[in-house]
Amino acid sequence: MSPTRITVGGERPYDVVIGAGVLGELPALAGAGAVAQRECQVAVIFPVCLAGIAAEACRALVAAGYRVHAEEIPDGEAAKEIAVAARLWSRLAFHRIGRSDCIVGIGGGAACDLAGFVAATWLRGIRAVLVPTTLLGMVDAAIGGKTAINIPEGKNLVGAFHPPAGVLADLDTLASLPKLEYISGLAEVIKAGFIADPTILELIESDPPAATGPGGPVIELVERAVRVKAAVVAADLREAGPREFLNYGHTLAHAIERVEEFGFRHGEAVSIGMAYAAALGRLSGRLDEATAARHCDVLAAVGLPITYRDGAWPRLRSAMAVDKKTRGSRLRFVVLDGLGRPAILADPAEELLEQAYREVCL
């Protein structure tokens, strides 16, 4: 079966290639438009837990004539730290990586964010190819050109817009993904369903157990979620308009991740954040009861959390104050005016925020 190619438009268009065994396309993407491959270097950035996949990628690049440098990083959010980025910059300097060279990022959302950030900041920007190996990475982190690292004050506060040269979503890599990690990634898929493509929700609701593993409707779910993000990104690379809607559920989610010191799965935090945003939309008179209730039904059906611990509101509210959507001291939430109709709720009353949180408390 031929892979699916979805083009992300904009100033620097690129393809997201979705299918089984698409890692073989990596050498062509790494050097397209560059000098001869024998003169081109590639730095492959990957977490140690993916050494096997990284070795396969390196072999393919070496066979194609590239000089390849493998660079390990920590797993998960621990990779998205300035110390890790600084070490990689030093390694790039050691290898004399130049403007005609390429960085390949292999791994989940954190690895893709870090690799993209390092590529964006090295020599003011060099070529990057991303190979997401998690569901969350395939449908969200690797697409759109948003790169970032975390600081103690918040998640993704230091970053740059740097579209990749291409994204390879090899569905074969999902086979070894722990089930909880796969289910976590479903949160971003479900988000795409609520903000733009209700067919995603229908596919999941028709057979929730089938949606919770790499079999079932995974290909269609990935393709639909990618098309949603590609369409939004093509229209708004720098989050000046409709791209902000992709942050549905993320204001509370990022606060949870900060309070948990980034030890909480991103998708699980987004799931709780969407349940909260649905309650906030309903309480503010923007969202109908049935659609608000549908959030909790579909998220719970695949095993995602929809509640968070009681008593955490003061710390969460403080963390939300540094959310990147905040304008001055005014919070901005993405809410729904209906299914597939995202909008902004600006500066909601504190009482409303607390009331919505009480609805998602354990």
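The text that follows walks through the structure, step by step, so that each part is easy to find. These figures come from a predicted structure and were not determined experimentally.

1. Describing the nonpolar core
Next up, step 1: With 103 residues, the main nonpolar core has Ile190, Tyr276 and Leu316 as its most contacted residues.
Next up, step 2: The greatest single-element share of this core, amounting to ten residues, is contributed by helix H11 (residues 266-283).
Next up, step 3: When sequence neighbours within four positions are dropped, the list of residues in contact with tyrosine 276 reads Leu252, Trp313, Phe333, Leu353, Ala356, Tyr357 and Val360.
Next up, step 4: Judged by nonpolar contacts, the second largest core, of 23 residues, contains Val42, Val44, Cys58 and Val129.

2. A closer look at the packing of H11 against helix H12 (residues 289-301)
Next up, step 1: It is the contact of H11 with H12, at a shortest axis distance of 9 Å, that shows an interaxial angle of 165 degrees. Overall, the two elements H11 and H12 adopt an arrangement that is roughly antiparallel. The hand of the H11/H12 crossing is left-handed. Packed against H11, whose contacting residues are Ser271, Met274, Ala275, Ala278 and Arg282, the element H12 presents Glu289, Ala292, His295, Cys296 and Leu299 at the interface.
Next up, step 2: A per-class count over the contact of H11 with H12 returns six nonpolar, two polar and two charged.

3. A look at the sheet that holds strand S4 (residues 67-73)
Next up, step 1: One open sheet accounts for seven strands, arranged S1-S2-S9-S6-S5-S3-S4; its pairing is mixed. The sheet is open, and its two borders are formed by strand S1 (4-8) and S4, each paired with just one other strand. The mean inter-strand angle of the sheet, taken between neighbouring strand axes irrespective of direction, is 15 degrees.
Next up, step 2: Summarising the sheet, strand S2 (residues 14-19) and strand S9 (residues 166-170) pair through four bridges and their orientation is parallel. Following the sheet pairing, valine 17 is matched in S9 by leucine 168.
Next up, step 3: Packing of helix H3 (residues 82-95) onto the sheet brings it into contact with strand S3 (41-47), S4 and strand S5 (102-107), and relative to S4 it is tilted by some 160 degrees.
Next up, step 4: Of the strands in this sheet, S1 and S2 touch helix H9 (residues 218-235), which is tilted by about 20 degrees from S1.

4. Structural notes on the pattern of salt bridges
Next up, step 1: With the rule as written, the count across this model stands at 21 salt bridges.
Next up, step 2: Here arginine 5 and glutamate 25 are joined by a salt bridge, their closest N and O atoms 2.7 Å apart. Of the two residues, arginine 5 is situated in strand S1 and glutamate 25 in the loop between S2 and helix H1 (26-31); the sequence distance between them amounts to 20 residues.
Next up, step 3: When the shortest N-O distance is used, the salt bridge between glutamate 244 and arginine 332 registers 2.9 Å.

5. Overview of helix H7 (residues 198-206)
Next up, step 1: Buried residues of H7: Ile200, Leu201, Leu203 and Ile204, and no others. End-on view of H7: buried residues confined to an arc of 160 degrees, all on one side of the axis.
Next up, step 2: Looking at the packing, one finds that the buried side of H7 touches helix H6 (179-195), helix H8 (208-211), H9 and H12.

Cut-offs used in this document
- Residues numbered from 1 in each chain as written.
- Predicted model: local features only at pLDDT ≥ 70, side-chain atom pairs only at ≥ 80, totals over all residues.
- Heavy atoms only, no water.
- Core = buried A, V, L, I, M, F, W, Y, C linked by side-chain atoms within 4.5 Å.
- Buried < 20%, exposed > 50% of the residue type's maximum accessible area, 1.4 Å probe, protein only.
- Helix = DSSP H or I, 4+ residues; strand = E, 2+ residues; numbered from the N terminus.
- Contact = heavy atoms within 4.5 Å.
- Axes fitted to C-alpha atoms, helices over the stretch in contact; angles between N-to-C directions.
- Parallel < 35°, antiparallel > 145°, perpendicular 65-115°, else oblique.
- Left-handed = near helix turned anticlockwise from the far one by under 90°.
- Nonpolar A, V, L, I, M, F, W, Y, C, P; charged D, E, K, R; others polar.
- Pairing = 2+ DSSP bridges.
- Salt bridge = Lys/Arg side-chain N within 4 Å of Asp/Glu carboxyl O.
- Arc of directions from axis to C-beta.

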